[in-house]
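Residues per chain, in single letters:
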Amino acid sequence: MNVLLHICCAVCASACVEKLRQEGHRVCGFFYNPNIHPPGEYLKRLHETEEVARKEGFSLIIGDYNVHNWSVRTTGLEDEAEGGKRCLECFGLRLENTARLAREKGFDAFTTTLTISPHKNSQAINEIGRNISDELFLVRDFKKKDGFKRAQELARKYSLYHQNYCGCIYSLNERQKNGRIQKSTCSLRTKSPAS
Ligand code: SF4
């Protein structure tokens, strides 16, 4: 089948493309992530994905970076924890637009790299995809059968940039907050033996 693969980042893309090809599909990537903040980070992840597409030899379509749409969709969910309702809306927006493009361009199916992350609920992602189009959505859990491990291997092979937060401003804030906590815990520990 001709599959349109929604790609969240380069690290997740390579192993998913490999898996779909092993299943006998032809893959076209779709980088569509208006959730990513700040714009510099968006460009970095896009550039890395373009590099992987070139090295792995698959076509890549680049979606709009329409931050406004993402903000509207997630309004009121700013304080949700990662993995909560905000994330479900974030997945929904990205998958709806992937489905729209798949229909417009006549793809046989669409799916997403999002399920390769051990931090993301594959069942919820697959349910969203099936609700958008039971006919077109390919249910997958790319983290299974060491999928995430394979993604790490390919990331090392291609020396890919590996981000340390999911993407949106809230996940960035959370990471920075945790980073500060870890830093202060660390300095407390350093002092401890001397006291
Ligand atoms: S934490 Fe990740 S999945 Fe959740 S809203 Fe932010 S970017 Fe989207």
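In short, a report on the structure. (Residues numbered from 1 in each chain as written. Predicted model: local features only at pLDDT ≥ 70, side-chain atom pairs only at ≥ 80, totals over all residues.)

1. As for the site of the ligand
Neighbouring residues of the ligand: Asn35, Glu82, Arg86, Cys87, Cys90, Cys166, Gly167, Cys168, Tyr170 and Ser171. Elements with a contribution of two residues or more to the shell around the ligand: α4 (85-105) and α7 (169-191). Its residues assigned to classes, the shell around the ligand comprises five nonpolar, three polar and two charged. (Near = placed C-beta within 6 Å. Helix = DSSP H or I, 4+ residues; strand = E, 2+ residues; numbered from the N terminus. Nonpolar A, V, L, I, M, F, W, Y, C, P; charged D, E, K, R; others polar.)

2. Considerations on the sheet that holds strand β3 (residues 59-62)
One open sheet accounts for four strands, arranged β3-β2-β1-β4; its pairing is parallel. The open sheet is flanked by β3 and β4 (109-112), the only strands paired with a single partner. Averaged over all pairs of adjacent strands, the angle between strand axes in this sheet comes to 25 degrees, irrespective of strand direction. As paired elements, strand β2 (residues 26-31) and β3 share four bridges and run parallel to each other. Within β3, the residue paired with Gly29 across the bridge is Leu60. The sheet strands contacting α4 are β1 (2-7), β2, β3 and β4, and the helix crosses β1 at an angle near 150 degrees. (Pairing = 2+ DSSP bridges. Axes fitted to C-alpha atoms, helices over the stretch in contact; angles between N-to-C directions. Contact = placed C-beta atoms within 7 Å.)

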